Amino acid sequence: MRSRTIGTLAAAVALVMVPAFAGAQGVQAEGWEHRLDFGGDVNDVLSFDTMGTGVHVTTEGAGFAIFWQPASMAEGDFTISASFTQMEPSPHPNAYGLFLGGDDLAGDGQRYTYFMLRQGGMFLIKQRMGGELPTLVDWTAHDAVHDLDDRGSSMNKLTVEASGDTVRFLVNDTEVATQPRSAVDTDGITGLRVTHLLNMHIDDLMLSPSM
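In this text, all values refer to a predicted model and were calculated from it rather than measured experimentally.

A tally of regular secondary structure across the protein gives two helices and 15 strands. Of the roughly 9,200 Å² that the protein leaves accessible, carbon and sulfur atoms contribute 49%.

Written out as structure tokens, the structure reads:
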């Protein structure tokens, strides 16, 4: 998708701002699949739809989920990224971000690596291996992460670059962590992860790198 300046994106997002948790209606975005962490009826806990050049998601109490397009695959050396705007404060710090290395996403053996932010200016890197959730980098504060502003919103660009034996994790084009490729699920489906009680607009999606 076409890149846009932060100022232009902020103006566009302002036009599409919607109240959080109003009228959850499931996944309406064409071509996107999803999985809820805790099962249940997706229509009861979240709304995920295309909006402008991106997608907009609001989540309720059990609305922890991943979203992906089956063709969004990456392997070898690649870069994935997206810009996330938290539209309003969450009742407590809740997380959003990218995942990569996805495999068996609808099955019992689901696995992926996820790179997340939360209000308070912190980031996290974890893996999901079936029912296991090993932590690679626990919640860590970093100046590169934009916290909520005076209006209660924030915008952050997340990027993952896999090159050779190293995987770099960047926030707003600043490296916040690196991991050896051997420690990270890299090759596989890429997508988005959003936890509960959030109102998010996600744009500048680059989840299908050339291979």
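We are not done yet, so read on.
Next up on the list: the pairing of strand β13 (residues 174-180). Note that strand β12 (residues 166-171) and β13 share six bridges and pair antiparallel. Looking at the pairing, Val167 lines up with Gln179 of β13.

Turning our eyes to something else, we now look at the nonpolar core. One broad trend across soluble globular proteins is that nonpolar side chains are buried collectively. Residues Trp32, Phe48, Phe84, Leu98, Phe115, Leu192 and Ile202 are the most contacted members of the largest nonpolar core, which totals 42 residues. Examining the composition of this core, we find that four residues originate from one element, strand β6 (residues 78-86), more than from any other. Trp68, Met116, Leu124 and Ile189 belong to the second-largest nonpolar core, a separate cluster that totals ten residues.

As a further point, take the packing of aromatic side chains. Counted by the stated rule, this structure contains eight aromatic pairs. Plain terms: the ring middles of Trp32 and Phe48 are 5.2 Å apart, the flat faces sit at 65° to each other, and that makes the pair edge-to-face. Taken as a pair, Trp32 in the loop between β1 (26-27) and β2 (33-36) and Phe48 in strand β3 (residues 46-51) lie far apart in primary sequence, 16 residues in all. The burial state of Trp32 is the same as that of Phe48; both residues are buried. Between Tyr112 and Tyr114, the ring centres sit 5.6 Å apart and the planes meet at 55°, which makes this aromatic pair tilted. In this pair, the class of Tyr112 matches that of Tyr114, namely buried. Feature note: the residues Trp32, Phe48 and Phe67 constitute an aromatic cluster, connected by ring pairs. The ring centre of Trp139 lies 4.2 Å from the NZ or CZ of Arg118, which sits over that ring. The ring of Tyr114 carries Arg193 above its face, with NZ or CZ at 5.0 Å from the centroid.

Its identity as a non-glycine residue notwithstanding, Asn172 has a phi of 50°, on the positive side. Looking at the element boundaries, Asn172 is found in the loop between β12 and β13.

Attention now moves to the sheet that holds β3. Remark on secondary structure: sheet strands pair via backbone hydrogen bonds, oriented parallel or antiparallel. Read across the open sheet, the eight strands follow the order β1-β3-β4-β15-β6-β11-β12-β13; overall the sheet is mixed. Of all the strands in the sheet, just β1 and β13 have a single pairing partner and so form its edges.

Another aspect to go through is the confidence of the model for the protein. Low-pLDDT stretches of the model should not have their predicted coordinates read in fine detail. A residue-level look at the protein finds 88% of positions with pLDDT of 70 or above and a mean pLDDT of 90. Of the regions scoring below 50 in pLDDT, residues 1-19 engages in 29 contacts with residues more than four places distant in sequence or in other chains.

In this section: the sheet that holds β2. Spatial ordering of the open sheet is given by β2-β5-β14-β7-β8-β9-β10, a layout of seven strands whose pairing is antiparallel. Each of the sheet's edge strands pairs with one partner strand only, and the pair in question is β2 and β10 (135-141). The average angle at which neighbouring strand axes cross in this sheet is 20°, direction not considered. For β2 and strand β5 (residues 65-74), the ladder comprises four bridges, and the chain directions are antiparallel. Within the sheet, the bridge partner assigned to Glu33 lies in β5 and is Trp68.

On to the environment of Gly102, then. Mapped onto the fold, Gly102 is located in strand β7 (residues 95-103). Gly102 sits in the buried class, given a relative accessible area of 5%. Along the primary structure Gly102 and Ser72 are separated by 30 residues, whereas in three dimensions their C-alpha atoms are 9.8 Å apart. Ignoring sequence-local partners within four residues, the contact set of Gly102 consists of Arg111, Tyr112, Gly188 and Ile189.

What counts and what doesn't
Residues numbered from 1 in each chain as written. Predicted model: local features only at pLDDT ≥ 70, side-chain atom pairs only at ≥ 80, totals over all residues. Heavy atoms only, no water. Helix = DSSP H or I, 4+ residues; strand = E, 2+ residues; numbered from the N terminus. Areas by Shrake-Rupley, 256 points an atom, 1.4 Å probe, with all protein chains shown as cover. Pairing = 2+ DSSP bridges. Core = buried A, V, L, I, M, F, W, Y, C linked by side-chain atoms within 4.5 Å. Buried < 20%, exposed > 50% of the residue type's maximum accessible area, 1.4 Å probe, protein only. Phe/Tyr/Trp six-rings, centres within 6.5 Å; stacked < 30°, edge-to-face > 60°. Lys NZ or Arg CZ within 6 Å of the ring centre and 35° of its normal. pLDDT = per-residue confidence, 0-100. Contact = heavy atoms within 4.5 Å. Axes fitted to C-alpha atoms, helices over the stretch in contact; angles between N-to-C directions.

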